[in-house]
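# Analysis of the macromolecular model
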There are 4 protein chains.
Amino acid sequence: MDLIDCYRAVRRHTESICSHLQTEDYVVQPVADVSPPKWHLGHTTWFFETFILKPYLMGYQEYDADYNFVFNSYYESVGARVIRTDRGNLSRPSVQDIYRYREHVDKAMESFLCAEPSAEVKELLILGFNHEQQHQELLYTDIKYILGNNPLFPAYDRQYLSPKADHIDGAWIKTNEGIYEVGHQGEGFCFDNELNRHKVYLNAFEISPNLVTNAEYLEFVNAGGYQDFRHWHMEGWAWVNDQKVEAPMYWYQIDGEWHHYTYHGLEPVRPHEPVCHISYYEAYAYAQWRGLRLPTEFEWEVAATQFKWGKAWEWTESAYLPYPGFVKAPGAIGEYNGKFMVNQKVLRGASEVTPPGHERITYRNFFHPHLRWQFTGIRLAK
Amino acid sequence: MDLIDCYRAVRRHTESICSHLQTEDYVVQPVADVSPPKWHLGHTTWFFETFILKPYLMGYQEYDADYNFVFNSYYESVGARVIRTDRGNLSRPSVQDIYRYREHVDKAMESFLCAEPSAEVKELLILGFNHEQQHQELLYTDIKYILGNNPLFPAYDRQYLSPKADHIDGAWIKTNEGIYEVGHQGEGFCFDNELNRHKVYLNAFEISPNLVTNAEYLEFVNAGGYQDFRHWHMEGWAWVNDQKVEAPMYWYQIDGEWHHYTYHGLEPVRPHEPVCHISYYEAYAYAQWRGLRLPTEFEWEVAATQFKWGKAWEWTESAYLPYPGFVKAPGAIGEYNGKFMVNQKVLRGASEVTPPGHERITYRNFFHPHLRWQFTGIRLAK
Amino acid sequence: MDLIDCYRAVRRHTESICSHLQTEDYVVQPVADVSPPKWHLGHTTWFFETFILKPYLMGYQEYDADYNFVFNSYYESVGARVIRTDRGNLSRPSVQDIYRYREHVDKAMESFLCAEPSAEVKELLILGFNHEQQHQELLYTDIKYILGNNPLFPAYDRQYLSPKADHIDGAWIKTNEGIYEVGHQGEGFCFDNELNRHKVYLNAFEISPNLVTNAEYLEFVNAGGYQDFRHWHMEGWAWVNDQKVEAPMYWYQIDGEWHHYTYHGLEPVRPHEPVCHISYYEAYAYAQWRGLRLPTEFEWEVAATQFKWGKAWEWTESAYLPYPGFVKAPGAIGEYNGKFMVNQKVLRGASEVTPPGHERITYRNFFHPHLRWQFTGIRLAK
Amino acid sequence: MDLIDCYRAVRRHTESICSHLQTEDYVVQPVADVSPPKWHLGHTTWFFETFILKPYLMGYQEYDADYNFVFNSYYESVGARVIRTDRGNLSRPSVQDIYRYREHVDKAMESFLCAEPSAEVKELLILGFNHEQQHQELLYTDIKYILGNNPLFPAYDRQYLSPKADHIDGAWIKTNEGIYEVGHQGEGFCFDNELNRHKVYLNAFEISPNLVTNAEYLEFVNAGGYQDFRHWHMEGWAWVNDQKVEAPMYWYQIDGEWHHYTYHGLEPVRPHEPVCHISYYEAYAYAQWRGLRLPTEFEWEVAATQFKWGKAWEWTESAYLPYPGFVKAPGAIGEYNGKFMVNQKVLRGASEVTPPGHERITYRNFFHPHLRWQFTGIRLAK
């Protein structure tokens, strides 16, 4: 696919995700971590306008100077921005205004892409595609939060295809002690946080070929796992008690049976599917209770060719830190990953809402340990 | 006008206020005090459904049982409710859903009103009309907040007619010491908080025939009034410093000139108009700085026949307390006023967005002393 | 008693209150409203140093310039100060340092008082005595909080003489409708908030000769009064739920029997004593539940010659507001009362820890409606 | 030294640290991270009583059952406890009471130690000694905070011997790429978090023989390092702005010259001493600004035999995580380290207040990245 087709495909996919929404669904921000869908639509557009069109398209006319303020996410280099918790207070620009903004930028991008861009710009473009794809995943998870926390529990799309569970009866996968290489290599795109490829020394370990299922996790719930401090980190225990957590996110007990909110609305929890929407604290506590542990991100990467993954982001024991030789890019693009490398945990794999073609064995996702609105699950190690 | 016409007129007026909004404007709640317009539309409808249709219309089919949870404001008697700060997180029911709900209830109400209702129901109806009219005023002030705090400062309605300033050059109005009667009397509608009519003893006082103007208030601003603790209550001074208050709400200095947000968008402040959108703390501090004071609500009521009022709610020195012999109505309706009678100040008069026919010399409006999003102004006394 | 004897008596009484404390008890500040006893000792001394010695005693040597910062309470006119919530973080000046400071100031004051002071200074002196007496009462209540919230519940003084209950079987006291005068008159000392004496018009009312007892209040507790929103102000109901209030302050249920913390340590609640340490919200809710109400401060003042009072500060329905003609004194002394006249309720009477000779029928005490650490009780009216 | 002498030495050293305090200094808790010195005195005693005397000394009489509640720090297994932020609100038990408690426990311990304890108890004893030594260091840092945040800036001990700076002019220390072993080995005591000893693969790196000095750090301050977001983590930048951080903790600018609070009181900052009392965020930002980085804990451990350390805890880039094969001990002792292994950074080395004999090349200290009240400094790597 050439660049212009890639551009179109990415942009259209974003809009197709939103096609199931009502106008009101684009606007709200029930918690700070979740952004209004219309903000995602504007922000991904602003990214191309700010980093491609303004610096590289001669004579480009900025759509609206105020949009820089509204749609900047966290790039300090490019001016003031609406603070994250305020995004849901903005009724304007309207959804229609933002679609017009997309149209304006898309038109300019398409004419810009008629000519072959320089290698430097090409790199930025690929980053822009990957950036918008990351927001596609966030759109899915933010929409789920918006609808799943509404007292009416509206469905997002009754035709949405949930992935099938496919449990493997195989034995745990063993890896020998020794030196292994981790990190990205080769020609394809990767984020700066996947570099440099480097050697690590691993002790012998075993890793499960399966994610923990709802049925297995329910045993922990029913055994009083949420009431016993011994399984938890101190901060995890405080979180459980402050937030009164008693089950994974989106789980509701109705007449004694556990249901969870899905893109189809409320449904009974299916025992053989991977447990999902749990925090790192819960993943850790579950593993403790089983007398096992979570893998490190390097164990995961080394063993991942030997099991199926991609159903749910998998919490690892690793903190999100720079690889040896990591260097931030100069300018605003350098703010992409590096400045988040504290207080977060690495997740590996992918989830059912990860954009197709976006899974990568070296991909390092990262979130704070208490967050649950992503599709997050557990794979055990020992 | 008969009841059915009244009902229609009230209901239509609510909808006409919203006719200038885009769908997104109905949804957001930038601060806890402001409710999303779609919530007002639903709540006023819920009021008729809950207090008239359900108890008095035989065979009435509730529109949606979940709406009771969503649209209850503060009536503890009628079940759980969405907490106030969460109203802006709800994208559903959609605006269209709520208009359908209004239609459903309106149809039922109109058929109900074909027969002459009992005196008891009639009283509830009149309360319902007045209730919806109060929400019409809140719609105006909440919409102003929603648009006036948007970085794009969109106009609400460029045809909106602002009232003209009409300054009177007359002398201050004097009232002699003595016994006066205050509180509602006669046949017309009043809220329970305006009763009983009772005698008060007033010392001699003088009251200004005019509201304080923007030009006069600017003298206070320019004299450093916001920087001098001596004019302020201790809690007012803490509020000024915590919130970094430097001028009335909606005022912005652009290139050295004061502008304020109006229903037409940002406009230069007009010197001869009454100052508006100030807190009680500011009204008090301004009066202190002038060596004067605010009137009590009884002084205001006794003198009000002798001056023009209605441009802006006027802060009084009086706390919002029950009149002698005040009794709460039994049931949910009894929650209407009584339970707010602590920590609030009385405002008298009316504002440019008070529904026509709703002004009343005995009307007691009330807000917490730090609030400014209503049209609130200052009349001095001594 | 001449001034110098008065001075000595007041100062010694303050120290005698503290004589039962251990050094550690002087230091802590478990909540913002409570000040460490050593702060009271320093602050009352600072008052005489700042308002008498520095301006009026020629050649007076300030004890320590830093103490102005440490011991200023809320006087903005006299410089920066330690914010209230930080008082309990200061281990220095030590208790001994502060007693030395008292000695230094006392010596200077005594030499100053050898000569007859001017009328102006005399007025300040009387204010200083009354000020220190108010802090004596606060010392009692703050010490009770400090010890009563310690998990060891240490006694303050086992010899402390609690007042005897003296219930009167008499009928309710009736007062006719009419004009009455309220406010201070005559030669004796009063605070500025008791002036001017002025006329009020009262409707006929009845007031109870007795305070509500623990036994009566327990009926409210046992009847589920704390679980029924109908009796409460909206803000009171939020307070009950946020703070999980279920009984008066200092009440603890031990093996099914109610105990309360007293200056002797934990003791069973005595049924015939006045209920104490309740908030205005509780007083109001109790009255509502009985179908009665609290008196206004004017009703109280007019009727108070006909009943015994002084066991516990009595919440009134009145908000704390200026009397007609109220003027703040110029300078720092003017900050004494006026700037608190918002969001507080008036209490009338006196309590068992009010300094002898300090009760006054026109005295206006005032606290925020949620506070309970003073000796506060209920007298009903109708 | 035999066990009984060890016990006495440790216990006496704790008391000698407190010997410079006034009674009031034992009581306060200016921030949640700092505990009142009397709490440390009680808690270390409670540790021996709870984990040695109660389970192992036949017929031991508990000193006071309430003390378990007061002096438990974070051991959920051994009952409820005073929440950390409330420790400074407790005036009782008094300092004298706590010294009596120490005496009681010391007497019992000494009689217990007359007989040779079992290997299991011996291990617990050694843990108890190390535990009390850790609290000795906390006593030093907490006392510094208590006095250094008092507006009078009292000295702790004018005879306190600050360590001399000893800058080495040598070149950076180089380490080759390869496999290294880290973690504790041998007979001596270590904490569970130093185990297991295991292999790591390190890339070639260089590390500085010196800590960053005050003079070097001042260049960062003067270059506007605290005002430029590019050097900071996103959470670090938020911390700088929320807390208005402009220099290391305890630094105050007086007449244009930087001073800092030391155990002697306020003194001019000495340029050639290591910069101290900085957060991880500051250490990271400083390194970024220099174009360098912090070492990982493994780089540090491998190179540490080649440079002098021990002046100040050194922030590393490593997150605090379990070593391969880490297992929590069963029971309350298992709460010692494991449950803190999230959201914290590892510090290596030791500081001027680390108890003598307590430094260990494999010792893993850990704190949250924003904390500064420990003696924390910077060593650079590349």
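Quick caveat, the model's predicted, so the values are computed rather than measured.

## Structural notes on the UniProt feature "domain: Sulfatase-modifying factor enzyme-like" (unreviewed entry) in chain A
Here, the residues flagged by UniProt with the feature "domain: Sulfatase-modifying factor enzyme-like" (unreviewed entry) are residues 172-305 of chain A. The straight-line gap between the two end C-alpha atoms of residues 172-305 of chain A is 13 Å; of that span, 26% is helix and 22% is strand.

## Concerning the relation of the copies chain D and chain C
Between the two copies, chain D and chain C, the superposition gives an RMSD of 0.0 Å; the rotation angle is 180 degrees and the shift along the axis is 0.0 Å. Taken together, the rotation and translation relating the two chain copies correspond to the operation of a two-fold axis. Scanning chain D for the C-alpha nearest the rotation axis identifies Glu24(D), at a separation of 3.0 Å. Comparing interface residues between copies, 100% of those in chain D also sit at the interface in chain C, which points to an isologous, same-surface contact.

## Overview of the interface of chain A and chain D
Across the contact, 40 residues belong to chain A and 40 residues belong to chain D. Contact between chain A and chain D buries roughly 2900 Å² in total, counting both sides, with carbon and sulfur atoms accounting for 58%. In terms of surface lost to chain D, no three residues of chain A exceed Tyr201(A), Met234(A) and Val342(A), which account for 21% of the buried area on that side. At the junction of chain A and chain D, the tally comes to 0 salt bridges. Linking chain A to chain D there are 10 residue pairs in polar contact (both at pLDDT 80 or more). Taken together, the elements giving at least two residues each to the side of chain A that touches chain D come down to β3 (198-202), α7 (234-242), α8 (280-289) and β8 (313-319) of chain A. Class assignment for the residues of the side of chain A that touches chain D results in 19 nonpolar, 10 polar and 11 charged.

## Looking at the interface of chain D and chain C
In this assembly, 26 residues from chain D lie in contact with 26 residues from chain C. Buried surface at the junction of chain D and chain C, both sides included, amounts to about 2400 Å², of which 58% is carbon and sulfur. When the area that chain D buries against chain C is broken down by residue, the three leading residues are Glu24(D), Arg92(D) and Leu152(D), summing to 30%. Linking chain D with chain C are 2 salt bridges, by the criterion used here. One salt bridge connects Arg92(D) with Asp25(C), and the closest N-O pair in it is separated by 2.6 Å. Our count for the chain D to chain C interface comes out at 10 residue pairs in polar contact (both at pLDDT 80 or more). Of all the elements, helix α3 (residues 66-71) of chain D adds the most residues to the side of chain D that touches chain C, at 3 residues. Tallied by class, the residues present in the side of chain D that touches chain C amount to 13 nonpolar, 9 polar and 4 charged.

## A word on the relation of the copies chain A and chain D
Once turned by 180 degrees and shifted 0.0 Å along the axis, chain A lies on chain D with an RMSD of 0.0 Å. Interface overlap between copies is the fraction of interface residues in one copy that are interface residues in the other; for chain A against chain D it reaches 100%, indicating a shared surface.

## Regarding the packing of aromatic side chains
Tallied over the entire structure, the rule returns 180 aromatic pairs over all chains. Ring centres 5.8 Å apart and planes at 75 degrees place the aromatic pair Trp300(B) and Phe307(B) in the edge-to-face group. Of the residues examined, Phe307(B) reaches a relative accessible area of 8% and is grouped as buried. Seen in terms of ring centroids, Phe47(C) and Phe48(C) are 6.4 Å apart; in terms of plane orientation they differ by 80 degrees. Their pairing is edge-to-face.

## Description of the environment of Asp5(B)
As for its placement among the helices and strands, Asp5(B) is situated in helix α1 (residues 3-18). Taking the C-alpha atoms as reference points, Asp5(B) and Leu113(B), 108 residues apart in sequence, are found 9.8 Å from one another.

## Let's talk about the pairing of strand β6 (residues 257-262) of chain D
Residues and elements named next belong to chain D. Counting buried residues in β6 gives 5 out of 6 residues, a clear majority hidden from the surface. With 4 bridges joining them, strand β5 (residues 251-254) and β6 adopt antiparallel strand pairing. Residue pairing in the sheet places Ile254 in a bridge with Glu257 of β6. A loop of 2 residues connects β5 with β6, the two strands running antiparallel in sequence, and Asp255 in this loop sits at a positive phi of about 50 degrees. Looking at chain direction, β6 and strand β7 (residues 265-268) are connected through 4 bridges and run antiparallel. By the bridge assignment for β7, His259 is matched with Pro268.

Cut-offs applied
- Residues numbered from 1 in each chain as written.
- Chains lettered and ligands numbered in written order.
- Predicted model: local features only at pLDDT ≥ 70, side-chain atom pairs only at ≥ 80, totals over all residues.
- Heavy atoms only, no water.
- UniProt positions renumbered as here; feature names shortened; annotations may be inferred.
- Helix = DSSP H or I, 4+ residues; strand = E, 2+ residues; numbered from the N terminus.
- Least-squares fit on C-alpha atoms with pLDDT ≥ 70 in both.
- Contact = heavy atoms within 4.5 Å.
- Buried area = accessible area lost by both parts, 1.4 Å probe.
- Salt bridge = Lys/Arg side-chain N within 4 Å of Asp/Glu carboxyl O.
- Polar contact = N/O pair within 3.5 Å; in protein donor to acceptor, adjacent residues only side chain to side chain.
- Nonpolar A, V, L, I, M, F, W, Y, C, P; charged D, E, K, R; others polar.
- Phe/Tyr/Trp six-rings, centres within 6.5 Å; stacked < 30°, edge-to-face > 60°.
- Buried < 20%, exposed > 50% of the residue type's maximum accessible area, 1.4 Å probe, protein only.
- Pairing = 2+ DSSP bridges.

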